[in-house]
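An overview of the molecular structure
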Amino acid sequence: MTTTNKSVTKAVFPVAGLGTRFLPATKASPKEMLNVVDKPLIQYAVEEAIAAGITEMIFVTGRSKRAIEDHFDKAYELEAELEAKNKQALLEIVRNVKPSHVDCVYVRQPEALGLGHAVLCAEKLVRDEPFAIILADDLLDGQPAVLKQMLAVHDAQKGSVLAVEKIDPAKSSSYGIISGPEVSKGIYRLDGIVEKPQPKDAPSNLAVVGRYVLSSNIFQHIRNLKPGTGGEIQLTDAIASLLKEEPVFGYEYSGVRYDCGSKLGYLKASIEFALRHPEVGDDFAAYLKSRSLS
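Report follows, based on the coordinates. From a predicted model like this one, the values you see are computed outputs, not experimental measurements. (Residues numbered from 1 in each chain as written. Predicted model: local features only at pLDDT ≥ 70, side-chain atom pairs only at ≥ 80, totals over all residues. Heavy atoms only, no water.)

A closer look at the packing of aromatic side chains
- Applying the stated criterion to the full structure yields eight aromatic pairs.
- For the ring pair Phe22 and Tyr266, a centre distance of 5.5 Å and an interplane angle of 80 degrees mean the geometry is edge-to-face. Residue Phe22 is located in the loop between β1 (10-14) and β2 (35-36), and its partner Tyr266 is located in helix α10 (residues 263-275); the two are separated by 244 residues in the primary sequence. An identical accessibility class is assigned to Phe22 and Tyr266; each is buried.
- For the pair Phe131 and Phe219, a centre-to-centre distance of 5.2 Å together with 5 degrees between the ring planes defines the contact as stacked. Of this pair, Phe131 sits in strand β6 (residues 131-134) while Phe219 sits in helix α8 (residues 218-223), placing them 88 residues apart in sequence. No difference in accessibility class separates Phe131 from Phe219, as the two residues are buried. (Phe/Tyr/Trp six-rings, centres within 6.5 Å; stacked < 30°, edge-to-face > 60°. Helix = DSSP H or I, 4+ residues; strand = E, 2+ residues; numbered from the N terminus. Buried < 20%, exposed > 50% of the residue type's maximum accessible area, 1.4 Å probe, protein only.)

Encoded structure:
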């Protein structure tokens, strides 16, 4: 049974990873709580989902991820102190971390068995509805929000949608790579997808980045998988199986991606978002100019 005619109201956030590329910063704090200026990565991801009309956020967590739950919970003591000191602007910022119409729910991934396994952990909460997956490591800056763009493609094409971008073919071994004809400008109907191929084996230069809108039928395909690349249950392999039964599309989104799973990408995001920040942007731009950075 296809579920793509239903509206998408749920997003899954796999946040159980260890964040080893940012040690020691992530030794006791989740990588998703790394700040870009004054907001953690996970909040940017949730705000993107809210902008797309998502109302249920499903976090697939692991050990040492309690800070994520606390971040989206009500902070009674902090709010009371801000209210008592009449700091209304800060009070509104704290209260708007999670708007009242949005629900946050949490499920634990007991073992780090790959992205496919993390997504499968959310099955009982997603049920038979199409749903989004957002990887907070990929900070996507688009207008409108990238997930909102993808939902429009999902509605128009009646199929699952993966965010893709053109990459340097030499970097294909770091991505899932799609193949298939372009059926409309920037929209490709998949006839194949391969996880982290060597450049000589890559079917194209179109790489999947951290946004997906999937049919709930993906869960059955994940359950049927054997461990793939790296001994993990790969979501890419499940999508390769799904596309044999129903349409899956790659969408070349409008926006800029910052790979905040890498130090360089994180630093680039921090600079770009600082430059546009209403409080510090002008002063930061003047500082960079004084450093004679090109």
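Some remarks on the pattern of salt bridges
- In this structure the tally under the stated criterion is 13 salt bridges.
- Here Asp70 and Arg66 are joined by a salt bridge, their closest N and O atoms 3.2 Å apart. One end of the pair is Asp70 and the other is Arg66, both in helix α2 (residues 66-71) and four residues apart, which spans about a single turn.
- With a relative accessible area of 43%, Asp70 lands in the partly exposed category.
- By relative accessible area, Arg66 is classed as exposed at 56%.
- Bridged by salt links that share partners, the residues Asp138, Glu165 and Arg257 form one connected network. (Salt bridge = Lys/Arg side-chain N within 4 Å of Asp/Glu carboxyl O.)

Describing the layout of surface pockets
- By volume, the largest pocket is sized at about 1400 Å³.
- Secondary-structure elements contributing two or more residues to the lining of the largest pocket are α5 (115-120), β8 (160-166), β13 (206-214), α9 (235-242) and β15 (256-259).
- Here the lining of the largest pocket gets four residues from one element, more than from any other, and that element is β13.
- The class makeup of the residues in the lining of the largest pocket is 17 nonpolar, 13 polar and 14 charged.
- Each pocket or cavity is described by its volume, and for the second largest pocket that value is around 720 Å³.
- What lines the second largest pocket is a set of 29 residues, among which Gln43, Ile93, Val94, Asn96 and Val97 lie closest to the centre.
- At the level of secondary structure, the elements contributing two or more residues to the lining of the second largest pocket comprise β3 (39-40), α1 (41-51), α2, α3 (76-84) and α4 (88-95). (1 Å grid on protein atoms, 1.4 Å probe; cavity = no way out; pocket = protein on both sides within 12 Å on 5 of 7 lines; lining within 4 Å. Points joined across faces, edges and corners; volume = space filled by probe spheres on them. Nonpolar A, V, L, I, M, F, W, Y, C, P; charged D, E, K, R; others polar.)

Considerations on the pairing of β13
- Burial runs high along β13: nine of the nine residues are buried.
- Note: β6 against β13, four bridges, orientation antiparallel. When the bridges of β13 are listed, Ile133 appears paired with Tyr212.
- Relative to β13, β8 is paired through five bridges, and the arrangement is antiparallel. Opposite Glu165, over in β13, you have Ala207 as the bridge partner. (Pairing = 2+ DSSP bridges.)

A word on the side chain of Lys10
- Structurally, the position occupied by Lys10 is in strand β1.
- With a relative accessible area of 4%, Lys10 lands in the buried category.
- Among the polar contacts made by the side chain of Lys10, one reaches the main-chain carbonyl oxygen of Leu125 at a distance of 2.7 Å.
- If we ignore the near neighbours within four places in the chain, the residues touching Lys10 are Ile54, Glu56, Ile58, Leu125, Val126, Arg127, Glu129, Phe131 and Ala132. (Polar contact = N/O pair within 3.5 Å; in protein donor to acceptor, adjacent residues only side chain to side chain. Contact = heavy atoms within 4.5 Å.)

Describing α9
- Regarding α9, the residues found buried are Leu235, Thr236, Ala238, Ile239 and Leu242. With its buried residues spanning 160 degrees around the axis, α9 presents them on a single face. (Arc of directions from axis to C-beta.)

Digging into unusual backbone geometry
- A cis amide bond links Leu23 with the next residue in sequence, Pro24, at an omega value of 5 degrees.
- When you line up the elements, Pro24 lands in the loop between β1 and β2.
- Looking along the chain, the bond that leaves Gln143 and enters Pro144 is cis, with omega of 0 degrees.
- Within the element layout of this structure, Pro144 appears in the loop between β7 (138-141) and α7 (146-157).
- The backbone phi angle of Val37 is positive, close to 65 degrees, even though this residue is not glycine.
- Within the fold, Val37 resides in the loop between β2 and β3.
- By relative accessible area, Val37 is classed as partly exposed at 34%.
- Phi at Arg127 is positive, roughly 60 degrees, even though this residue is not glycine.
- Looking at where Arg127 falls in the secondary structure, it is placed in the loop between α6 (123-126) and β6.
- Residue classification places Arg127 among the exposed residues on the basis of a relative accessible area of 56%.

Keep in mind these values describe shape, not function.
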